Structure formats: C-alpha cells, structure tokens
Amino acid sequence: MKITVVGTGYVGLVAGACFAEFGQKVVCVDYDRQKISQLNAGEVPIFEDGLEDLLTRNVAAGRLSFSHDLPVAVPGSDVAVIAVGTPGKSGGETDLEHFHRAISDVLANIDSRLILVIKSTVPMGTAARTREWVKQITNPDQRIDIVSNPEFLRQGSAVNDFLNPDRIIIGGDSRHALRLMREVYGPLEKRNIPVVLTSNETAEMIKYAANTFLALKISYINEIANMCDHFGADVTKVAEALGMDSRIGPSFLEAGPGFGGSCLPKDVKSFVNSSKKRGYTFRLGKAIISANAYQRRAVVAKVKSLLGSLRGKRIAILGLAFKANTDDVRESPAMYVIKRLHHSGAKVRAYDPAASAPARREVPRIQYVNDAYAACDGADIAVLLTAWDEFRNLDFSRIHQSMAQPIIYDTRNALNRDQLGKLGFVYFATGRATLGDAKQHVETVAAVARKKRKAKPARKRGPAIAGIN
Ligand code: UDX
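First things first, this report covers the structure right here in the doc.

The rules behind these values
Residues numbered from 1 in each chain as written. Predicted model: local features only at pLDDT ≥ 70, side-chain atom pairs only at ≥ 80, totals over all residues. Heavy atoms only, no water. Helix = DSSP H or I, 4+ residues; strand = E, 2+ residues; numbered from the N terminus. Buried < 20%, exposed > 50% of the residue type's maximum accessible area, 1.4 Å probe, protein only. Lys, Arg positive; Asp, Glu negative; His and termini not counted. Salt bridge = Lys/Arg side-chain N within 4 Å of Asp/Glu carboxyl O. Polar contact = N/O pair within 3.5 Å; in protein donor to acceptor, adjacent residues only side chain to side chain. Contact = heavy atoms within 4.5 Å. Arc of directions from axis to C-beta.

## Remarks on the side chain of Lys119
Among the structural elements, Lys119 can be located in the loop between β5 (114–118) and α6 (126–137). Although buried, Lys119 forms no salt bridge, and the nearest oppositely charged side chain, Glu151, lies 6.8 Å from it. A distance of 3.2 Å separates polar atoms of two side chains, one belonging to Lys119 and the other to Tyr185. Other than its neighbours up to four places away in sequence, Lys119 contacts Val11, Ala15, Phe19, Val81, Ile82, Ala83, Asn149, Pro150, Glu151, Phe162 and Tyr185.

This is the structure:
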C-alpha cells in the first residue's frame, strides 16, 4: 500500500514513520521546504523520543521518504492522511485553512480510488462537510472515501503512544475503506490492541470526549486542591486515594497551575463552540474553561498575596514549557504567569531546560538565564511552574543561601516538601499545607526596604497603578 501523509508536525511525522514501520510505503509531505530539506538530510526538526531511530531505519529500508512536492507525491497513493495543524482562533473557532488546502491539493493530483484519512483534530461535523465538499469538487466516477482516524498522542511520548495505543479509532461509511485501514493498523491489531470501527461522527466525538475528559479530570483535581487549601487537606494524598479506586484511575490527577499545550485548551473550546452552533449548551465544557483560566490567575494572586506589592520584587521562575520534556510554550500557564508578574512591576528571571528560546520570542522583556541557580540568586520568591526532573535534583541548600528570601512556591507539588522544610525554606504548594511563615520574611525585607528608603532623599512618586497594592 502507498500512503501519503500531509503535514510533518509531531502527529504527521510520527504517524508516517510508524506506518512505514508497519511495512507500508510512505511519503511525508510538507509545504515547508526547509523542514523537508532537514528531514532529507537526516535531521529531525522536532524532539520526540525514539523518532530519530524510527526515521533512520525506515528511510534506510526504502519505505519512507519526504517531499515538498505534493503533485509528485500523491499519484499512486491508496491512502492520503491529512495531519496538518488546525490551530484555534478566538471564540473557540478552528482555523481550517491548512486542512482545506491540503485536501484540495491532494484531490487535484489523484489518479485512482483514494481513502482520505482525517487525522488532524477538526471540529465536530467536519468529516460530513468534507464529504459533501469533495463530491462537489471531484468527478462523479472518482471514488473517495472519508475516514476519521483521530490520534491520542502526547507530545514527548508520541512514538510510544502510537506504537502502544489503548485503542485505534476508525470512523467511516465505506467497508472498503475500513478494511484497508485495518490492514494499515494490522500489526497493532495482531497484538490485541482494540480497534473501534464506527461512523465519522462518532469517531470525531470520541476524540473530543477523550480530550475533554482529561481536561475535566485535571480541572477536577485542581478544584479539589483549592478546596484542600481552604480546609487544610493534602491534595496529593487525596489524588493517591482517588486513583486507587479502579473506577477513577490514577492518571491525570496531578494538581497544578492548569492544563496548557496545543491540544487540550483548544479542543475543549472547540467542543463547546461546536455544541453551541447546534443549539446545545455544553455546561461542563464551559466550567472546565473557566476553572482552568482561574487556576493560572490564582498563581499570580497567590504570589501577590505573599509578597504584597510586586513592584521591584525579584521573582525566579522555574519552568516555562506547558509540561516537562518539551520545549513547547503554547498556552503554557507559565507564560501567562510571567506576563502578569512582569506587568505588575516584578523583576522576573526565568529558567527552563528547553523552552527559553520560544518563551523569549513571546515575552522578550523578562530576563532568561542558563540555570535554576542563576534564576534564584537574590530572588524574593522562586515559583516552580513546570515539573522538570532537573528541578527535583537541585542543590537547595545552595539556593537557600543565595535567595533574598527563602520562599518557594511549588505550583506542581513536584519538590520534596520535607527536605525543603528542614533546610529552612518557606514552602507553598497547590492544595498542600504551607511550611514556615512567609510573612516573617516578607516583613523583614519590607522593613529593610523602608529603612533604605528613609535613608535616601525623597523622590517624586508616580500615580498608583490599578490592581496593585
Ligand atoms: C494531550 C492528550 O493527552 C493527547 O491524548 C492528545 O492527543 C493531545 O493533547 P499533550 O498536549 O501532549 O497531550 O499533553 P498532556 O500530557 O496530556 O498534558 C496536557 C496538560 O495538562 C499539560 O499542561 C500538563 O501539565 C497538564 N496536566 C496533565 C496536569 O496539570 N495534571 C495532570 O495530571 C496531567
């Protein structure tokens, strides 16, 4: 079978490499010539564990190639997989420009019966609309089957997720297409991985229902964490005990600053938006969006309440990526937090093991440093926002000595609280009891600052800024 995959982002590239690994002949196409040149030179433009090996092996075996020339790649294909980006627009709309362009370019170059596989995450009802559109723009005797084949790949572990999925979803109304798609995924089905054959609409719904459920689970534990803060309970214990209930399960119960990334925030908004268009109010979806927005705002509010005024305060930020093991800062809670802190007059110094460059492009005005120690040096508070393993292994006694005030706000509950307590840190977390008394430090520092101000000759003050104490 010959498969053309359009789009070489983490979904398209991983899917293409894995289809080749299953023994199919695959061409990965992208309009970005530079990306294709990189791939042809053996360079991998994104970091995904295990991807480089997979690409090298399948290119060497002659099963996998890359091209920017869609008219050359498509002819002779049995299957065309659309895996281009579908970014979110304001109001929950989805930008389908690349998706439509990819399909019309594929259709302009086909020479035989084709299965058009939608792997990009598209709003509910897109497969049906695409089927109608395809009918209008193609020959009546041209047979094109539309299959919805959503993916559930996490950035950072996409190869493993593709090769070891919990299930494979294939939606469509043509027996021929469903049979061929089962053949493509044959090596996984042979390993008893369940294949769910269904309609396009149900396949689309499964994708949104799954991602929204994950978002719901995270928002749920975040809300419970906020309740724990009020009642003196420990959310990590609550999550552990909830996870022991086989009906609930242990994953996606880590409280923190809220979910981010290129998928969950966009997908929940799109799901709410699709339901609204059909005249239904998806109340729970709206609640997830609101709870998630609150969670990142709450981080800023907590820092403000700890330090009093933020003007001139030195704040160390540990982690910028939306989760550990990626350099992606899209919709990252950390990006929101640094923008707000900066706008409130704080001096923000940030470190991330991988995401400083993309963060700097989005927020150039703060200071980016090369390690966590440099970020914490002289800081009034250190705020951990991404749970990189590296942060767990820091020399905290060195950090304790170098900070102006030894206050750590661990928004991800990632650090060893007892160890930090013993070292004399004031430790704040999400849904866990605080160790030590921040006020004592903040008041001492404020008193020193007052003394310094008194010693200096008085300067004319600017107007007060709204929202800042
Ligand atoms: C997600 C889905 O998991 C995947 O199935 C889909 O195909 C794409 O979207 P990804 O965006 O890579 O994958 O990230 P994921 O690991 O799901 O984490 C999403 C966000 O939730 C991150 O910001 C993460 O930090 C946060 N999260 C996750 C929590 O705050 N707590 C948790 O317990 C789990």
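We are not done yet, so read on.
## Here we look at the pattern of salt bridges
Throughout the structure, instances matching the rule amount to 21 salt bridges. Between Arg143 and Asp145 there is a salt bridge whose closest N-O contact spans 3.1 Å. Asp145 gets classed as buried once you look at its relative accessible area, which sits at 3%. In this structure, the salt-bridge partner of Asp380 is Arg314, at a minimum N-O distance of 3.3 Å. One end of the pair, Asp380, is in the loop between α16 (372–376) and β12 (381–384); the other, Arg314, is in strand β9 (residues 314–318), and 66 residues separate them in sequence. Accessibility expressed as a relative area gives 36% for Arg314, which makes it partly exposed.

## A short note on helix α3 (residues 51–60)
Looking only at α3, the buried set comprises Leu51, Leu54, Leu55 and Asn58. Seen from one end, α3 has its buried residues packed into an arc of 95°, which puts them on one side. Facing away from the buried side of α3, by more than 90 degrees, are the exposed residues Asp53 and Ala60. The elements touched by buried residues of α3 are α1 (10–21), α2 (33–40), β3 (64–67) and α7 (158–163). Note on α3: the residue one or two positions beyond its end, Gly62, has a positive phi of about 80°.

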